[in-house]
Amino acid sequence: MSSKKTTPTRALDAVHKPSKEFSSKARIPSMAAYKKLYKESIEKPAVFWAREAKELVWQKPWSKVLNWKAPNAKWFEGGKLNVCESCVDRHATGPRKNKAAIIWEGEPGDKRVITYGQLHKDVCRFANVLQKNGVKSKDRVLIYMPMVPEAAVAMLACARIGAVHNVVFGGFASEAIIDRLEDSGASVIVTADGGWRRGKVVPLKPVVDEALTKCGQVKRVIVLNRCNHEVQMQPDRDVWWHDEVANASSKHTAKGFDSEHPLFVLYTSGSTGKPKGILHTSGGYLTGTYSTCKYIFDMRDDDVYWCTADVGWITGHSYIVYGPLANGVTQVMYEGAPNAPDFGRFWKIVEEYGVTIFYTAPTAIRAFIKAGNHFPAAHDLSSLRLLGSVGEPINPEAWNWYHEHIGGGRCPIVDTWWQTETGSILISPLPGATPCKPGTATLPFFGIDAAILDDAGNEVKAGQDGRLVIRKPWPSMIRSIYGDKERYKKTYWSDYPGIYTAGDGARRDKDGNFWIIGRLDDVLNVSGHRLGTAEIESALVSHPAVAEAAVVGRPDEMKGQAVAAFVTLKSTHTESDALLIELRNHVGKVIGAIAKPDDLHFAPALPKTRSGKIMRRLLKELVCTGKISGNITTLEDVKVIEALQSKLAK
Ligand code: WT7
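First things first, this report covers the structure right here in the doc. Nothing here was measured: the structure is a model prediction, and the numbers come from that model.

Let's talk about the site of the ligand
Every one of the 18 residues lining the ligand counts as a neighbour, but Asp415, Thr416, Thr420, Asp504 and Arg530 are closest to it. Separating an oxygen atom of the ligand from a side-chain N or O atom of Thr420 is a distance of 2.6 Å. In the model, an oxygen atom of the ligand is placed 2.8 Å from a nitrogen or oxygen of the Arg530 side chain. Coverage of the ligand by the protein amounts to 95% of the 550 Å² it exposes when considered alone. Within the residue set of the shell around the ligand, elements represented by two or more residues are α11 (314-326), β20 (413-416) and β25 (514-519). Each residue belonging to the shell around the ligand can be placed in one class, and the counts come to 6 nonpolar, 7 polar and 5 charged. Counting contributing residues, the shell around the ligand receives three or more from each of domain 1 (20-82 + 263-450 + 483-493) and domain 3 (525-649).

Laid out in structure tokens, this is it:
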């Protein structure tokens, strides 16, 4: 045996304590400080949250911090505020007036710096534009934009006039726009000709045009010219952003709205085919996003913060627009793809602007690992001091690579667990306090009473799996599913009375850390984005050749989960490779490219129970393991699964 010493490789599950250097400057510098404040926040939530909310601008103080009649919360009842004043006006009228709010880079390399003073004028102008076009308080405005500063301007302008924005991710197709328009009842759309992605213009206005051929309620479409791409303008309906703002005043009074005034609706997938409009309101939502940015990202005046999400997702709402701006931070915003022109783009941006806090998703990290270490190695990333992760559990390999190759071994990583519904981060390390283990989002944020329950509602023991729940209301929580209070109650509050069910399975280790296992419902997590299996199934069934479809997830190295679909054709159609391609594209057309099945199998029949329910559990096992070992006693016809098994084995 050789006695030669080898370099010890760090165990994948090593505990990483924050450095003294980081802790000494952090707002929460130790576990003792975390525990003390956490205790107060749970025992006296009104005291804790009032202190946080007081750091925002209020036009009228609240009379009661929380009015809670489960499942209905009113936070900062009686208070009046204009969300825009905390995010923009107060910075624009103080010492941050000429500070960069947004440093934007377009994919082709064009750059813009927008100061808080400028942002204030832009938002005021666009608020005047919206009002001139008839938008009033509580009206819904659908925003379908690329990642340009005007997307944030449009959202803030809605907030300023009390209108409710509904941002639809630019990757969604026209059918998705129609569903959301019909549900939200929006009468104005803000869009652009298109946006740049991987060297090409992704058209947006034509997708809106297509949607509007089937949906008559929209009176006005405001179009930003981003790419000089030719678009059809419909007279009487469509106007150019630049024409409208050219004549608009840069002065606009920010009227105060009730703390519970609706701020936005954002649609997300559930276990039925119909996306849910998650409704968030003003005072509580802003308090939650503000406070989590302050403590979890430890935001400072000299930070350069960059969140790589798209404004079309909740991360873009909470951690590009509202939270960071309420903190008056400088942030980077980037329009395009991470690999345009190559996988060095992000690291080039970090170096160029001296990014200090960087927030991205595990799926992106895995793509960077695959692309090669030479991309980050070619750039000076020494400005970074803190890294964040969101969207799905981060696998220890990705955590360690992120820590070493991006964070230079010195940056804490905050693995942040939250949801569209929660509005802000609920479980995460505090970077100067919490010892981190790769793969766990660690401990609840202040005021968050998280627990893991069994079916009977008892807390499970350490190491046991159960359902992740939140037992106390928190300010940025969902208020309703837009227009469907019953579905709201049923979806989130009916498993255990008065307790919020997240829909995630989880377990805690002996140190109390939360390990998120994944969704418990028929929802997939593809590249950190939620996709309902029912939505994809209904998209497939809407094709004339399809009689029936079943969709399940299977593990995927890059995306976390991939979409596997089984399709039974009508007897009038025959199986062919061309049809497989057509069906994939059809899903892309109905929902958007992210929902296209990765695997598509023709199935002569689907495995069903005797009562006719599709047994997705068996299909899942089949795509994950290639065989069935689970219980098949309820299966109506064993031959169906045998046939599929031999088909997949080919
Ligand atoms: C679902 C919420 C929150 C913004 C992005 C997704 C999963 C999210 C984590 C994490 C493990 C995570 C959960 C959750 N998820 N973050 N850090 N660790 N899982 O928002 O589309 O509302 O999805 O994403 O399953 O329920 P969303």
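As for the nonpolar core
The biggest cluster of nonpolar side chains holds 163 residues, and the ones touching the most others in it are Leu119, Phe126, Leu156, Trp241, Phe297, Tyr322 and Phe446. For this core, the leading source of residues is helix α6 (residues 149-161), giving 10 residues. Contacts of Leu156, omitting those with residues within four sequence positions, involve Cys84, Cys87, Val88, Leu119, Val123, Val321, Tyr322 and Leu325. Residues Ile349, Ile365, Leu381 and Trp399 belong to the second largest nonpolar core, which totals 31 residues.

Some thoughts on empty space enclosed by the protein
This model, assessed by the stated rule, comprises 4 cavities of 30 Å³ or more. Considering only enclosed or pocket space, the largest cavity measures out at about 60 Å³ in volume. Lining the largest cavity are Leu81, Asn82, Val83, Ala159, Gly162, Ala163, Phe257, His261, Pro262, Leu263 and Ser282. Taken together, the residues of the lining of the largest cavity sort by class into 7 nonpolar, 4 polar and no charged. Looking at which domains feed residues into the lining of the largest cavity, each of domain 1 (20-82 + 263-450 + 483-493) and domain 2 (117-257) supplies at least three.

Notes on the packing of aromatic side chains
The tally for this structure, following the rule as stated, stands at 41 aromatic pairs. With 4.9 Å between their ring centres and 80 degrees between their planes, Phe48 and Trp49 make a pair best called edge-to-face. When sorted by exposure, Phe48 lands in the same class as Trp49, which is buried. Aromatic pair Tyr285 and Tyr322: ring centres 5.6 Å apart, planes at 80 degrees, arrangement edge-to-face. Separated by 37 residues along the polypeptide, Tyr285 in helix α10 (residues 283-296) and Tyr322 in helix α11 bring together distant segments of the chain. Overall, Tyr285 belongs to the buried group, its relative accessible area being 1%. Among the aromatic side chains, those forming a connected cluster through ring pairs are Trp306, Tyr334, Phe343, Phe346, Trp347, Phe358, Phe368, Phe375 and Tyr402. In this structure, Arg112 packs its charged tip against the face of Trp104, placed 5.7 Å from the ring centre. Note that Arg180 overlies the ring of Phe172, its terminal NZ or CZ placed 4.8 Å from the centroid.

Comments concerning the sheet that holds strand β4 (residues 100-105)
The strand order across the open sheet built from 7 strands is β5-β4-β17-β16-β18-β19-β20, with neighbouring strands paired in mixed fashion. Either end of the sheet is taken by a strand with one partner, and the two such strands are β5 (111-115) and β20. Across the sheet, the mean angle separating the axes of adjacent strands is 20 degrees when strand polarity is ignored. Where β4 and strand β17 (residues 330-334) come together, 4 bridges link them in parallel fashion.

Some points on the packing of helix α4 (residues 83-92) against α11
It is the contact of α4 with α11, at a shortest axis distance of 8 Å, that shows an interaxial angle of 60 degrees. Regarding the angle of α4 to α11, the classification is oblique. Read as a crossing pair, α4 and α11 show a hand that is left-handed. Between α4, through Val83, Ser86, Cys87, Arg90 and His91, and α11, the contact on the second element is made entirely by Tyr322, Leu325 and Ala326. Partitioning the contact of α4 with α11 into residue classes produces 5 nonpolar, 2 polar and 1 charged.

A short note on the pairing of strand β28 (residues 546-556)
Strand direction decides the pairing type here: β28 and strand β29 (residues 560-569), joined by 10 bridges, are antiparallel. Paired with Ala549 across the two strands is Val567, which belongs to β29. Taking the residues that link successive antiparallel strands as the turn, the β28-β29 hairpin has 3 residues.

Remarks on helix α12 (residues 345-353)
Turning to α12, its buried residues are Arg345, Phe346, Trp347, Ile349, Val350 and Tyr353. Among the residues trailing α12, Gly354 stands out with phi positive, at a value near 65 degrees.

Thoughts on helix α18 (residues 577-590)
Owing to its 3.6 residues per turn, the α-helix aligns residues three or four sequence positions apart on the same side. Compared with an ideal rise of 1.5 Å per residue, which puts 14 residues at 20 Å, α18 spans 20 Å between its outermost C-alpha atoms and is within 8% of the ideal. Residues Leu579, Leu583, His586, Val587, Gly588 and Val590 constitute the buried set of α18. Looking at the buried positions of α18, the neighbouring elements they touch are α7 (174-184), α17 (533-541), β28, β29 and β30 (599-602). Immediately downstream of α18, the backbone of Gly592 shows phi near 145 degrees, a positive value.

What about the pattern of salt bridges?
Per the stated rule, a full pass over the model turns up 47 salt bridges. In this structure, Asp122 and Arg125 form a salt bridge, with 3.6 Å as the shortest nitrogen-oxygen distance. Taken together, the residues Asp122 and Arg125, both in helix α5 (residues 116-132) and 3 residues apart, mark about one turn of the helix. By relative accessible area, which is 23% here, Arg125 ends up partly exposed. Measuring nitrogen to oxygen at the nearest pair gives 2.7 Å for the salt bridge that ties Arg616 to Glu537. Within this pair, whereas Arg616 is found in helix α19 (residues 616-625), its partner Glu537 is found in helix α17, the two being separated by 79 residues in sequence.

Calculation notes
Residues numbered from 1 in each chain as written. Predicted model: local features only at pLDDT ≥ 70, side-chain atom pairs only at ≥ 80, totals over all residues. Heavy atoms only, no water. Near = heavy atom within 4 Å. Polar contact = N/O pair within 3.5 Å; in protein donor to acceptor, adjacent residues only side chain to side chain. Areas by Shrake-Rupley, 256 points an atom, 1.4 Å probe, with all protein chains shown as cover. Helix = DSSP H or I, 4+ residues; strand = E, 2+ residues; numbered from the N terminus. Nonpolar A, V, L, I, M, F, W, Y, C, P; charged D, E, K, R; others polar. Domains from an automatic or database assignment. Core = buried A, V, L, I, M, F, W, Y, C linked by side-chain atoms within 4.5 Å. Buried < 20%, exposed > 50% of the residue type's maximum accessible area, 1.4 Å probe, protein only. Contact = heavy atoms within 4.5 Å. 1 Å grid on protein atoms, 1.4 Å probe; cavity = no way out; pocket = protein on both sides within 12 Å on 5 of 7 lines; lining within 4 Å. Points joined across faces, edges and corners; volume = space filled by probe spheres on them. Phe/Tyr/Trp six-rings, centres within 6.5 Å; stacked < 30°, edge-to-face > 60°. Lys NZ or Arg CZ within 6 Å of the ring centre and 35° of its normal. Pairing = 2+ DSSP bridges. Axes fitted to C-alpha atoms, helices over the stretch in contact; angles between N-to-C directions. Parallel < 35°, antiparallel > 145°, perpendicular 65-115°, else oblique. Left-handed = near helix turned anticlockwise from the far one by under 90°. Expected span 1.5 Å × (residues − 1). Salt bridge = Lys/Arg side-chain N within 4 Å of Asp/Glu carboxyl O.

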